[in-house]
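One-letter residues, chain by chain:
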Amino acid sequence: MQILAKCPKCDAGLPVAAVKAPSAITCGGCGRDIPLSVSEALKSDRGVDRCPVCEGSDFYIRKDFDPKIGLAVVIIGALTSAAFYWFGRDLVAYSILGGAALIDLVVYGRLRDLTVCYRCHTEFRGAYARTAAPFDLHTADLLEPEYERRIRRR
Ligand SMILES: [Zn+2]
Ligand SMILES: [Zn+2]
């Protein structure tokens, strides 16, 4: 499993392989030491049970979506359909636009889910079974301020 630990101070993302994770990492952005307690389930890629950064156990899943890819598909689709439109082939233009939207959907649907920690936004990627629920704003509203109060006291 691949962990993207989020620095509590500057929010930089720090990639760590769960199997050989050290007991602490140093943030490349601000130099802060971040202690990691990686659970057995994380190391063996069985599931996400406890966050190694904030030790919270509340997670949500979201699509591992790269907005740049989606945008590129939309732009290419729009450009080609504009070219056909220019030459008076409206029908071809519209079907290309529709096709681009379809490709976007397929790309989006094939993306893997990743698990995210509600409190510190650390991300977990791997072959493990996704058990977390989708993002819930109410839960985030409760947990994020709680974590922020806690790291300010440290
Ligand atoms: Zn940092
Ligand atoms: Zn966390």
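In this report, we go over the structure that sits alongside the text. Remember, predicted model here, so these are calculated numbers, not experimental data. (Residues numbered from 1 in each chain as written. Chains lettered and ligands numbered in written order. Predicted model: local features only at pLDDT ≥ 70, side-chain atom pairs only at ≥ 80, totals over all residues. Heavy atoms only, no water.)

**Thoughts on the coordination of the zinc ion (ligand 2)**
(1) Moving on: Looking at the zinc ion (ligand 2), one finds its protein donor set to be C51 (SG), C54 (SG), C117 (SG) and C120 (SG), positioned 2.2 to 2.3 Å from the metal centre.
(2) Moving on: Each of the four donor atoms around the zinc ion (ligand 2) contributes to a set of angles spanning 99 to 116°, which defines the coordination as tetrahedral.
(3) Moving on: Read in sequence order, the donor residues for the zinc ion (ligand 2) give the motif C-x2-C-x62-C-x2-C. As far as the burial class goes, C117 and C120 line up, both buried. (Donors = N, O, S within 2.8 Å, 3.2 Å for Na, K, Ca; no water. Tetrahedral: all angles 85-135°; square planar, octahedral: opposite > 155°, others 65-115°. Buried < 20%, exposed > 50% of the residue type's maximum accessible area, 1.4 Å probe, protein only.)

**Comments concerning the sheet that holds strand β1 (residues 2-6)**
In sheet architecture, strand pairing relies on hydrogen bonds along the backbone and comes in two forms, parallel and antiparallel.
(1) Moving on: Taken in spatial order, the six strands line up as β2-β1-β7-β6-β5-β8 in an open sheet, and their pairing is mixed. Each edge of the sheet is formed by a strand with only one pairing partner; in this case those strands are β2 (13-17) and β8 (133-134).
(2) Moving on: Where strand β5 (residues 59-63) and strand β6 (residues 113-117) come together, five bridges link them in antiparallel fashion. Along β6, the bridge assignment pairs Y60 with V116. (Pairing = 2+ DSSP bridges. Helix = DSSP H or I, 4+ residues; strand = E, 2+ residues; numbered from the N terminus.)

**Re the pairing of β5**
A regular strand places its side chains on the two faces of the sheet in alternate fashion.
(1) Moving on: The pairing of β5 with β8 spans two bridges and is parallel. The partner of I61 across the bridge, within β8, is P134.

**Some words on the pattern of salt bridges**
(1) Moving on: Per the stated rule, a full pass over the model turns up seven salt bridges.
(2) Moving on: Members of the salt-bridge network, linked through shared partners, are K6, R62, D64, E123 and R125. (Salt bridge = Lys/Arg side-chain N within 4 Å of Asp/Glu carboxyl O.)

**Description of the coordination of the zinc ion (ligand 1)**
(1) Moving on: Protein coordination at the zinc ion (ligand 1): the donors are C7 (SG), C10 (SG), C27 (SG) and C30 (SG), at 2.2 to 2.3 Å from the metal.
(2) Moving on: Taken in sequence order, the residues that donate to the zinc ion (ligand 1) follow the motif C-x2-C-x16-C-x2-C. Of the two residues, C10 is situated in the loop between β1 and β2 and C30 in the loop between β3 (24-26) and β4 (33-35); the sequence distance between them amounts to 20 residues.
(3) Moving on: On the basis of relative accessibility, which here comes to 36%, the residue C10 falls in the partly exposed class.
(4) Moving on: Judged by its relative accessible area of 31%, C30 falls in the partly exposed class.

**Some words on unusual backbone geometry**
(1) Moving on: The residue E55 is not glycine, and still its phi comes out positive at about 65°.
(2) Moving on: Mapping E55 onto the fold places it in the loop between α1 (40-43) and β5.
(3) Moving on: The phi angle at H121 is positive, at roughly 65°, despite the residue not being glycine.
(4) Moving on: Its location among the elements puts H121 in the loop between β6 and β7 (123-125).

**Some thoughts on the side chain of K6**
(1) Moving on: Along the chain, the position of K6 falls in strand β1.
(2) Moving on: A relative accessible area of 14% places K6 in the buried class.
(3) Moving on: Beyond its immediate sequence surroundings of up to four residues, K6 is in contact with D11, A12, G13, V53, C120, H121, T122 and E123. (Contact = heavy atoms within 4.5 Å.)

**Remarks on the nonpolar core**
(1) Moving on: Of all hydrophobic cores here, the largest spans 25 residues; its most connected members are C51, V53 and F124.
(2) Moving on: Elements with a minimum of two residues in this core: β1, β2 and α4 (137-153).
(3) Moving on: Core analysis: the second largest hydrophobic core is formed by six residues, Y60, V116, Y118 and L143 among them. (Core = buried A, V, L, I, M, F, W, Y, C linked by side-chain atoms within 4.5 Å.)

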